[in-house]
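The lines below spell out each chain.
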Amino acid sequence: MIIRTRLAAGVCALLAALTAGLAFPAGAAAGEPTGQDAPKVDLVLDVSGSMRARDIDGQSRMAAAKQAFNEVLDATPEEVELGIRTLGANYPGDDRKTGCKDTAQLYPVGPLDRTEAKTAVATLTPTGWTPIGPALLKAAGDLDGGDGSKRIVLISDGEDTCAPLDPCEVAREIAAKGIGLTIDTLGLVPTAKLSRQLSCIAEATGGTYTSVEHQDELTDRVNQLVDRAADPVVTPVPTEGADRCAGAPELKSGLYTDREEFGQQRWYRVEVLPGQELRASVSVAADRAVNPGYGVLLRAVTVKGREIVRGEAAGNGRTDVISTGLRYPEPERDDADGDKPAAETVCLAVTHSFSAASGVKATPGLPLELTVDVVDGPSRAGDVAAFGLGRGWWLLGVLILNGFLAGLVWGWLSRWRVAVWRTN
């Protein structure tokens, strides 16, 4: 009895598995982007006087940083070009103007000579001020040029002491340049104020913030960030949308980045041939404090102003990124003269309803990423998942056949079981 029951269950499970395999074919792997230039990383280390504090595993913050750097240098991938910049390492005096210029390139960004880099790190002694803003500006210059990934890893134990040059505003200005640079920050035994400042710097460029209280945590996190720089990435192409469709930039398939002011609308143009489909999506990030309750709207509009399709999304303050998308298939059409049909110009309009919190600067605008993909239309079954849109009858037919076969098998086994029971 148990064997027959298991046999019936196994047959049903096999049929279900076959159905799942037919209905949901495996997706194709996404293409891996390749970069021609080597990835670059600039480690920016705070060497101010507060790094003398002995509160990391019984040693000073400076000693923990040196040990972590030595281990990171040993583990840095060969393909990564790495440099080291310091802040507060050279001026021990009390003159604020001079102290706020105290940032220097300890080891230039380039192919890594591990012995030379370790020797340079060994010479560091906690000295002066904490000019985070100026150091970030200089570090961005260290990484200038090339189209490979660029990453700044900032390690500090105290907030910036060189206001009014706000390091958070500096990070936003760096991001607004569209050079694809990411800033990750690490706070050594951080205060609440330092955590807020370092988090703001990281968020402005899509980076991460990590609180560190132990030397092994520092080593592991910096190693992760250096390794991440070597991963293949798609660098968005900087573009600048217009205030109307007529003067908007024409975009091809790809990933683009732009900045949009509060209350502003940005326009872009895409050429779509008959038989093709436009797929577009947009993400807007709040890289500063904003009021809760916001949304983003992406519209596809004809050059004459008629809306074709739209995508919209709303948020309530729980996330700092909001995204939406749309699809527009351009129908096939025949040209009267037999020539190739002309492409249609589709205008993409991006609008968001973020509003700045009290005292927050409105410039530069909020970062947005726009993805544009123009593909062959969905008339081909292989172009979309599950045998194409509007072809659900395939799945329905397979499910009906599955149910019919399972019913026959189960009925036959049940009748056979009853006959055996009557015989016995």
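The structure displayed is predicted, hence computed values, not measured ones.

About the thresholds
- Residues numbered from 1 in each chain as written.
- Predicted model: local features only at pLDDT ≥ 70, side-chain atom pairs only at ≥ 80, totals over all residues.
- Heavy atoms only, no water.
- Phe/Tyr/Trp six-rings, centres within 6.5 Å; stacked < 30°, edge-to-face > 60°.
- Helix = DSSP H or I, 4+ residues; strand = E, 2+ residues; numbered from the N terminus.
- Buried < 20%, exposed > 50% of the residue type's maximum accessible area, 1.4 Å probe, protein only.
- Salt bridge = Lys/Arg side-chain N within 4 Å of Asp/Glu carboxyl O.
- Axes fitted to C-alpha atoms, helices over the stretch in contact; angles between N-to-C directions.
- Left-handed = near helix turned anticlockwise from the far one by under 90°.
- Contact = heavy atoms within 4.5 Å.
- Nonpolar A, V, L, I, M, F, W, Y, C, P; charged D, E, K, R; others polar.
- Pairing = 2+ DSSP bridges.

1. Digging into the packing of aromatic side chains
Stage number 1. For the coordinates displayed, the defined rule picks out 1 aromatic pair.
Stage number 2. Seen in terms of ring centroids, Tyr294 and Phe354 are 4.3 Å apart; in terms of plane orientation they differ by 20°. Their pairing is stacked. Here Tyr294, found in strand β11 (residues 294-302), pairs with Phe354, found in the loop between β14 (344-352) and β15 (366-376); they are 60 residues apart in sequence, far enough to count as distant. By the burial criterion, Tyr294 is buried, and Phe354 matches it.

2. What about the pattern of salt bridges?
Stage number 1. Inspection of the entire model under this criterion finds 15 salt bridges.
Stage number 2. In this structure, Asp157 engages Arg61 in a salt bridge whose closest nitrogen and oxygen atoms are separated by 2.7 Å. Linking Asp157 in the loop between β4 (150-156) and α6 (167-176) with Arg61 in helix α2 (residues 61-75), this pair joins segments that are 96 residues apart in sequence.
Stage number 3. A relative accessible area of 8% places Asp157 in the buried class.
Stage number 4. Taking relative accessible area as the criterion, Arg61 reaches 10% and is therefore assigned buried.
Stage number 5. Between Glu250 and Lys252 there is a salt bridge, with the nearest N and O atoms lying 3.2 Å from each other.

3. Some words on the packing of α2 against helix α8 (residues 215-229)
Stage number 1. With their axes 9 Å apart at the nearest point, α2 and α8 run at an angle of 35° to one another. As α2 runs across α8, the sense of the crossing is right-handed. Residues Ala64, Ala65, Gln67, Ala68, Glu71, Val72 and Ala75 of α2 form the contact with α8, whose participating residues are Gln215, Leu218, Thr219, Val222, Asn223, Val226 and Asp227.
Stage number 2. Among the residues forming the contact of α2 with α8, the class breakdown is 8 nonpolar, 4 polar and 2 charged.

4. So, the sheet that holds strand β8 (residues 254-260)
Stage number 1. Strands sit in the order β7-β8-β15-β10-β13 across an open sheet of 5 strands; the sheet is mixed. Lying at the two open borders of the sheet, with one neighbouring strand each, are β7 (237-238) and β13 (321-329).
Stage number 2. Inspection of the sheet shows strand β10 (residues 276-285) paired to β15 by 9 bridges, in the antiparallel sense. Paired with Val284 across the strands is Leu368, a residue of β15.

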